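# Descriptive analysis of the structure
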Amino acid sequence: MVRELTGLSDRQIRYYEERKLVFPERSKGGNRKYSFSDVKALVEIADKIEDGVQTHEIRQEKLKEKRKIEQEKMRKKMLQGQINAQFGLRN
């Protein structure tokens, strides 16, 4: 199914996973479970590689994105805590 959606071979998909560019969930049986965001990421990765971007550059970019998302989540959590404290609310 993922092959059909991305146009990538099984080997390409596994390679991107080995290079830690995508992290599909696993079923209890160990089968990969790709989300829509995983499929989108695979296509984006393939496009970047086709444009000459190296996998280590893509990985660094993804780590930066992940840090930004984590920082934003932390910021929202802190703001919610401040709002709750201001109005005497509990989480």
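Residues numbered from 1 in each chain as written. Predicted model: local features only at pLDDT ≥ 70, side-chain atom pairs only at ≥ 80, totals over all residues. Heavy atoms only, no water.

## A look at the nonpolar core
Counting 11 residues, the largest nonpolar core consists of V2, L8, I13, Y16, L21, V22, A41, L42, I45, A46 and I58. Of all the secondary-structure elements, those providing two or more residues to this core are α2 (10-18) and α3 (36-50). No other element matches the four residues that α3 contributes to this core. The contacts of I58, once residues within four sequence positions are left out, are L21, I45, K48, I49 and V53. (Core = buried A, V, L, I, M, F, W, Y, C linked by side-chain atoms within 4.5 Å. Buried < 20%, exposed > 50% of the residue type's maximum accessible area, 1.4 Å probe, protein only. Helix = DSSP H or I, 4+ residues; strand = E, 2+ residues; numbered from the N terminus. Contact = heavy atoms within 4.5 Å.)

## Examining helix α4 (residues 55-87)
Side chains three or four residues apart in an α-helix point the same way, a direct result of the helix having 3.6 residues per turn. Taking 1.5 Å as the rise per residue, α4 with 33 residues should run 48 Å; its terminal C-alpha atoms sit 48 Å apart, in good agreement. Three or more residues of α4 are buried, namely T55, I58 and N84. Along its buried surface, α4 packs onto α2 and α3. Directly after α4, the chain includes G88, whose backbone phi takes a positive value near 65°. (Expected span 1.5 Å × (residues − 1).)

## Topic: the side chain of D38
Mapped onto the fold, D38 is located in helix α3. One buried charged residue, D38, remains without a salt bridge, the closest side chain of opposite sign being K62 at 8.3 Å. Here S35 takes part through its backbone nitrogen, which lies 3.0 Å from a polar atom of the side chain of D38. If we skip the residues at most four places from it in the chain, D38 touches V22, F23, P24 and K33. (Lys, Arg positive; Asp, Glu negative; His and termini not counted. Salt bridge = Lys/Arg side-chain N within 4 Å of Asp/Glu carboxyl O. Polar contact = N/O pair within 3.5 Å; in protein donor to acceptor, adjacent residues only side chain to side chain.)

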